[in-house]
Amino acid sequence: NAGVTQTPKFRVLKTGQSMTLLCAQDMNHEYMYWYRQDPGMGLRLIHYSVGEGTTAKGEVPDGYNVSRLKKQNFLLGLESAAPSQTSVYFCASSGGTSVTDTQYFGPGTRLTVL
Amino acid sequence: RKEVEQDPGPFNVPEGATVAFNCTYSNSASQSFFWYRQDCRKEPKLLMSVYSSGNEDGRFTAQLNRASQYISLLIRDSKLSDSATYLCVVTSPGALEKLTFGTGTRLTIIP
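Residues numbered from 1 in each chain as written. Chains lettered and ligands numbered in written order. Predicted model: local features only at pLDDT ≥ 70, side-chain atom pairs only at ≥ 80, totals over all residues. Heavy atoms only, no water.

It is not clear to me how the overall build of chain B should be interpreted in this structure. Could you clarify?
The helix and strand inventory of chain B stands at zero helices and 11 strands. Expected size for 111 residues packed as a compact globule is a radius of gyration near 13 Å; at 14 Å, chain B falls within 12% of this value. Considering only C-alpha atoms, chain B reaches an extent of 45 × 30 × 20 Å along its principal axes. In chain B, which comprises 111 residues, the share counted as buried stands at 43%. Taking all contacts inside chain B whose residues are at least 6 apart in sequence as the whole, residues at least 24 apart take part in 56%. Surface accessibility of chain B: about 5,400 Å² in total, with carbon and sulfur atoms responsible for 48%. (Helix = DSSP H or I, 4+ residues; strand = E, 2+ residues; numbered from the N terminus. Rg over C-alpha atoms; globule rule 2.2 N^0.38 Å. Buried < 20%, exposed > 50% of the residue type's maximum accessible area, 1.4 Å probe, protein only. Contact = heavy atoms within 4.5 Å. Areas by Shrake-Rupley, 256 points an atom, 1.4 Å probe, with all protein chains shown as cover.)

Explain the side chain of Lys98 of chain B to me, please; I cannot follow it from the model alone.
Within the secondary structure, Lys98 of chain B is located in strand E10 (residues 98–101). In this structure Lys98 of chain B comes out as buried when scored by relative accessible area, which is 8%.

Whenever I open this one, the sheet that holds strand E3 (residues 19–25) of chain A confuses me. Can you help?
The strands making up a sheet associate through backbone hydrogen bonding, with each pair oriented either parallel or antiparallel. Residue and element names in this part refer to chain A. Spatial strand order, E1-E3-E8-E7: four strands in an open sheet with antiparallel pairing. Pairing within the sheet leaves two strands with one partner each, and these edge strands are strand E1 (4–7) and strand E7 (64–67). For this sheet, the mean inter-axis angle between neighbouring strands, taken without regard to orientation, is 20°. Relative to strand E8 (residues 73–78), E3 runs antiparallel, the two sharing six bridges. Across the sheet, Thr20 pairs through a bridge with Gly77, a residue of E8. (Pairing = 2+ DSSP bridges. Axes fitted to C-alpha atoms, helices over the stretch in contact; angles between N-to-C directions.)

For this particular structure, what's the right way to read the sheet that holds strand E7 (residues 60–65) of chain B?
Residue and element names in this part refer to chain B. Taking strand neighbours across the sheet as the criterion, the five strands line up as E1-E3-E8-E7-E6 in an open arrangement whose pairing is antiparallel. Looking along the sheet, the strands with just one partner apiece sit at the ends: strand E1 (4–6) and strand E6 (55–57). Strand after strand, the sheet turns through a mean of 20° between neighbouring axes, direction not considered.

Could you clarify how one ought to interpret the interface of chain A and chain B in this entry?
In many reports, interface size means the accessible area that the parts give up when they come together. On the chain B side, the residues contacting the 21 residues of chain A number 19 residues. A combined buried area of about 1,600 Å² lies between chain A and chain B, and 61% of that area is made up of carbon and sulfur atoms. For chain A, the biggest contributors to the area lost against chain B are Val99, Thr100 and Phe105 of chain A; these three give 30% of the whole. Linking chain A to chain B there are one salt bridge. Close ionic contact of Lys98 of chain B with Glu59 of chain A constitutes a salt bridge, the shortest N to O distance being 3.5 Å. Elements with a contribution of two residues or more to the side of chain A that touches chain B: strand E4 (31–37) and strand E5 (44–49) of chain A. Residue composition of the side of chain A that touches chain B, grouped by class: 10 nonpolar, eight polar and three charged. (Buried area = accessible area lost by both parts, 1.4 Å probe. Salt bridge = Lys/Arg side-chain N within 4 Å of Asp/Glu carboxyl O. Nonpolar A, V, L, I, M, F, W, Y, C, P; charged D, E, K, R; others polar.)

Now the structure itself:
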């Protein structure tokens, strides 16, 4: 039982390049989230999903897209990376139907955009 | 004003001591409160929920004061393994109900 895994762990991009971050969970959770964590700021919600085939915007969605084609996977895409997207990205999942249910986080992806 | 504010620390505390952190939140409509722990360069993990009546989990005690809109975490008999950043988290009701994370309080336990 791996919990929540994220691929890749590290990535360096040049401005304008695109990439996809993959999050996978093996806990059969309905809810999945993408956050970013920047120095001096708390984790901020980018996008989230309440079930397979559904996605919704969080508080900082601009510049990102997501897809949830399979229940266990939640993909975060950057179509044209910008230096402001340099951050640590965390995926999380929860088994309940409320944001108050415990969220389990993946190990994070450290992204640098030059 | 930030929705959730924490003293960033660092708190450097000798092993065996008691340490307490506070956190204040701005949205009086927030209903649920948590403390998460984040080790250096690792992911956040739930430490404990915070209930109105206060709650204890081993050496950890959490308190909520709704009138003053603050949450506290007390760690007794601190261990080296308690060294981490402690994140205060509250729910933010509204059109987008979500968790709002504080920036964290860094704790280092000194042998």
